[in-house]
Amino acid sequence: MRVAVLRERRAAETRVAATPETVKKIIAMGCTVSVEAGAGLSSGIPDAQYAEAGAEVAADAAAALAGAGLVLKVRAPLGAGEGEVDELALIPRGAVLIGTLQADKAMADAYAAAGIDACAMELAPRITRAQSMDVLSSQANLAGYRAVVEAAGAFDKAFPMLMTAAGTISAANVFVMGAGVAGLQAIATARRLGGRVSATDVRPAAKEEIKSLGASFVGYEDEESKAAQTAGGYAKQLSANFYAEQAKVVAAHIAKQDIVICTALVQGRKAPILVTEAMVASMKPGSVIVDIAADAGGNVAVTQPGQETLTANGVKVLGFTNWPGRIPAAASALYARNLLTFLTTFWDKEAKKPAMPADDDIVKGVTLTRGGAVVHPSLASA
Ligand code: NAD
């Protein structure tokens, strides 16, 4: 089977779906691999390294995709009119497409019409068996780390307490909002840098996790928040009353913070606004807010997705999108391993091609289209 790896063309996308390490392993599974020229450059991987690993380096997307039975992507392929190349039209009928496709019904219909079996890895269930192929976790982990490092870079003071002959610099107060995968890594990173760290979340389980990392918990809890977690482990959308009470607690705390890292998401919805304009205005000049939730609209009222903003009172708000893409070499390495694990888990060694049992929970979770039809429950009936 021929496996194609494309250069990602969507805005601000710096990652690549396979690395020389995973290419070697895919070849060992009995495949040939063609990598589009320049695919790894923004992750620090020159074409020569793919060639050394045994891949063919193809001049363009058309050459990479010719005859491919499997296509590995980070983001959804470009469709007609979306950019320089209609990647979707170049994918052979019958091919399996694997990526973080973020597909709506129209996109899924287009995959079905093109005869592509599309797998959206971001929809994999958050179960133990799927952990090593969990692209949301691997990427969120790095985003949480990167957010703190960039906050430290944008902050004009220091994170740790510094006792010097010239006097003492006090430790930075760091507040992490949302203690899922990204938030927990942000807590750990900010602690390692010497910050005084507190964090909040709505899921009861998160409170213990925050404390176990040595941060203090700040938050509002009531009867409603005891059931704030869905069966899948995500936060539920809560009542307006809960959010109003939570905002009171946050407002009092945030005015004393130097750094705020926002990571709160509610699956399938716009990110909740947790930091109002008034809260930003209450912060000291020179404070830094990093809004990792900017891809989903942001947790901060003044976030401009994709941009850094300086507010009237001198607070920097980093609203960049695609935070994993800001640490591309590491993000690509982990993402590529996630895809490799998915492939090896659902691989027919005899036939040397994917074997995805339709009744497997992981396969069910990620499969958008199969045999020319949209099959994912969230899209099939939409
Ligand atoms: P996420 O990215 O959907 O959300 C980030 C965090 O924001 C969550 O902790 C959520 O509770 C929090 N949040 C939502 N609304 C909030 C609000 N108003 N105020 C404060 N915080 C708010 O979450 P995630 O990082 O993808 O993790 C989701 C869950 O999946 C977690 O329970 C995690 O432990 C679990 N998980 C399980 C596995 C596994 O077992 N394989 C792997 C990864 C994650």
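In the nomenclature of an unreviewed UniProt entry, the chain is known as proton-translocating NAD(P)(+) transhydrogenase of Falsiroseomonas stagni DSM 19981. In the Catalytic activity (unreviewed entry) part of its UniProt record, the chain is described as follows: "NAD(+) + NADPH + H(+)(in) = NADH + NADP(+) + H(+)(out)". In the Function (unreviewed entry) part of its UniProt record, the chain is described as follows: "The transhydrogenation between NADH and NADP is coupled to respiration and ATP hydrolysis and functions as a proton pump across the membrane."

So, about the environment of Ala-158. Mapped onto the secondary structure, Ala-158 falls in the loop between α6 (135-154) and β7 (162-164). For Ala-158, a count of 16 C-beta atoms within 10 Å puts it in the partly exposed group. The spacing of Ala-158 and Ser-170 is twelve residues in sequence and 7.9 Å in space, taken between C-alpha atoms. Ignoring sequence-local partners within four residues, the contact set of Ala-158 consists of Ile-169 and Ala-172.

Moving on, we come to the nonpolar core. Counting residues in hydrophobic clusters, the biggest one holds 118 residues, and the most contacted among them are Val-5, Ile-261 and Cys-262. By residue number, the principal contributor to this core is α6, which donates nine residues. Three or more residues apiece are contributed to this core by two domains, here domain 1 (2-123 + 346-377) and domain 2 (143-326). Once residues lying within four places of it in the same chain are set aside, the contact partners of Val-5 are Val-16, Ala-17, Ala-18, Val-33, Val-35, Glu-36, Ala-39, Ala-64 and Leu-72.

The next subject is the site of the ligand. Taken together, 31 residues are adjacent to the ligand, and Gly-178, Gly-180, Gly-233, Ala-235 and Ala-264 come closest. Taken together, the elements giving at least two residues each to the shell around the ligand come down to α6 and α7 (181-192). Taken together, the residues that form the shell around the ligand break down as 17 nonpolar, ten polar and four charged.

Quick look at helix α11 (residues 328-345) now. The terminal C-alpha atoms of α11, which comprises 18 residues, lie 25 Å apart, in line with the 26 Å expected from a rise of 1.5 Å per residue. Regarding α11, the residues found buried are Pro-328, Ala-331, Ser-332, Tyr-335, Ala-336, Asn-338, Leu-339, Leu-340, Phe-342 and Leu-343. Close packing links the buried residues of α11 with α1 (20-28), β4 (70-75), β5 (96-100), α6, β16 (347-348) and β17 (353-354).

Let us look at the pairing of strand β12 (residues 259-262). Of the two faces of β12, both are covered, the one formed by Ile-259 and Ile-261 as well as the one formed by Val-260 and Cys-262. Bridging between β12 and strand β13 (residues 288-291) involves four bridges; their strand directions are parallel. When the sheet's bridge partners are listed, Val-260 is paired in β13 with Ile-289. Each parallel crossover has a hand, and the one from β12 via helix α10 (residues 277-282) to β13 is right-handed.

The rules behind the values
- Residues numbered from 1 in each chain as written.
- Predicted model: local features only at pLDDT ≥ 70, side-chain atom pairs only at ≥ 80, totals over all residues.
- UniProt positions renumbered as here; feature names shortened; annotations may be inferred.
- Helix = DSSP H or I, 4+ residues; strand = E, 2+ residues; numbered from the N terminus.
- Buried ≥ 20, exposed ≤ 12 C-beta atoms within 10 Å, placed from the backbone.
- Contact = placed C-beta atoms within 7 Å.
- Core = buried A, V, L, I, M, F, W, Y, C linked by C-beta atoms within 7 Å.
- Domains from an automatic or database assignment.
- Near = placed C-beta within 6 Å.
- Nonpolar A, V, L, I, M, F, W, Y, C, P; charged D, E, K, R; others polar.
- Expected span 1.5 Å × (residues − 1).
- Pairing = 2+ DSSP bridges.
- Right-handed = clockwise from strand over helix to strand, strands pointing away.

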